[in-house]
Amino acid sequence: MKEGPDITRIAALIGDPARANMLTALMTGKALTATELAAEAGITSQTASSHLAKLDAGGLLKPLKQGRHKYFSLANDDVAQVLEGLMGLAAKSGHLRTRTGPKDASLRKARVCYNHLAGDMGIRMFDSFISRGFLETADETLLLTESGSAFAERFGINVATLRSAKSPLCKECLDWSARRSHLAGSLGRAILSQIESRGWARRAPNGRAVIFTPPGEKAFEAEFTLKPG
């Protein structure tokens, strides 16, 4: 590439296996210490520090110091969306990890993608919004309609506050497990927060899975229905 954005540097940062494992661990949305990230990557703390310094310099991480501890999180939603997109591309190309089992099934059903709901249930929610006219696309931009805004308000979300923030209200994020879209942006984040505050679901202690209670799953399906036809 002679001009334009240098994608090679970003690709090299993400492409290292240890760094990729650390970035994937941060897709839970939680901030983790260097020691925790070293364990996720299977490397020493000293090696992890070197990798984290490179990721920070590359603009992929946001460090936070609290007391004697230093935590790291993904820099922003854009980084999470790139990672989720790469997961989708890897899955589509047949580049899958060999580990299988119940954990994989739970991730496919519902998981957190940095700060919003992904997996089959995230896709269902997105499809519900599209089929009911709550979301529409204009010039490749995802927009919340008037009826969508009314629904969000009824769901307990202050849309005006979200609109006043700098982050995008609605973003389409490609789901790696099904290669279909789910809802990202501040609205996606707010909906997941409401789902958790209502007690419908909780995040697994370790990993990215979102575990719905049986009543919570029924309530979710009733709330995010699909318009026939």
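Structure shown above.
Heads up: these notes are all about the structure in this document. Keep in mind it's a predicted model, so treat the numbers as computed, not measured.

As for the environment of Cys-113
Tracing the sequence through the fold places Cys-113 in strand S4 (residues 111-113). Residue Cys-113 is classed as buried on the basis of its relative accessible area of 0%. Measuring from C-alpha to C-alpha, the distance between Cys-113 and Ala-184 comes to 8.4 Å, with 71 residues separating the pair along the chain. Those residues within four positions of Cys-113 in sequence are excluded, and the remaining contacts are Met-27, Glu-84, Ala-118, Cys-173, His-182 and Arg-208.

What about the sheet that holds strand S1 (residues 32-33)?
Within a sheet, adjacent strands bond to each other through the backbone by hydrogen bonds, running parallel or antiparallel. An order of S1-S3-S2 is seen for the 3 strands of this open sheet, with the pairing classed as antiparallel. Of all the strands in the sheet, just S1 and strand S2 (61-66) have a single pairing partner and so form its edges. Pairing of S1 with strand S3 (residues 69-74), which is carried by 2 bridges, proceeds in the antiparallel orientation. Residue pairing for S3: Leu-32 is matched across the bridge by Phe-72.

Notes on a nonpolar patch on the surface
On the surface, a nonpolar cluster with roughly 250 Å² of combined accessible area is contributed by Val-82, Leu-86 and Leu-89. Here Val-82 lies in helix H5 (residues 77-92). A relative accessible area of 42% means that Val-82 is categorised as partly exposed.

Regarding the packing of helix H3 (residues 34-41) against helix H4 (residues 45-57)
For the pair H3 and H4, the least separation of the axes is 9 Å and the interaxial angle reads 100°. Taken together, H3 and H4 sit at an angle that is classed as roughly perpendicular. Where H3 approaches H4, its residues Ala-34, Thr-35, Leu-37 and Ala-38 are matched on the opposing element by Ser-45, Ala-48 and Leu-52. Of the residues belonging to the contact of H3 with H4, the class tally is 5 nonpolar, 2 polar and no charged.

Brief notes about the packing of helix H2 (residues 17-25) against H3
Where H2 contacts H3, the two axes come as close as 8 Å, and the packing angle between them is 120°. By the angle class used here, H2 and H3 are oblique. With respect to the hand of their crossing, H2 and H3 are arranged in right-handed fashion. Seen from H2, the contacting residues are Ala-18, Asn-21, Met-22 and Ala-25; seen from H3, they are Leu-37, Glu-40 and Ala-41. Counted by class, the contact of H2 with H3 contains 5 nonpolar, 1 polar and 1 charged residues.

Section: the pairing of S2
Both S2 and S3 contribute to a ladder of 6 bridges, which runs antiparallel. Paired with Lys-62 across the strands is Ser-73, a residue of S3. Once S2 ends, the chain turns through 2 residues before running back antiparallel as S3, passing Gly-67 with a positive phi of about 65°.

Each value, and the rule that gives it
Residues numbered from 1 in each chain as written. Predicted model: local features only at pLDDT ≥ 70, side-chain atom pairs only at ≥ 80, totals over all residues. Heavy atoms only, no water. Helix = DSSP H or I, 4+ residues; strand = E, 2+ residues; numbered from the N terminus. Buried < 20%, exposed > 50% of the residue type's maximum accessible area, 1.4 Å probe, protein only. Contact = heavy atoms within 4.5 Å. Pairing = 2+ DSSP bridges. Patch = residues over 30% accessible without salt bridge, like charges linked within 9 Å, V, L, I, M, F, W, Y side chains within 5 Å. Areas by Shrake-Rupley, 256 points an atom, 1.4 Å probe, with all protein chains shown as cover. Salt bridge = Lys/Arg side-chain N within 4 Å of Asp/Glu carboxyl O. Axes fitted to C-alpha atoms, helices over the stretch in contact; angles between N-to-C directions. Parallel < 35°, antiparallel > 145°, perpendicular 65-115°, else oblique. Nonpolar A, V, L, I, M, F, W, Y, C, P; charged D, E, K, R; others polar. Left-handed = near helix turned anticlockwise from the far one by under 90°.

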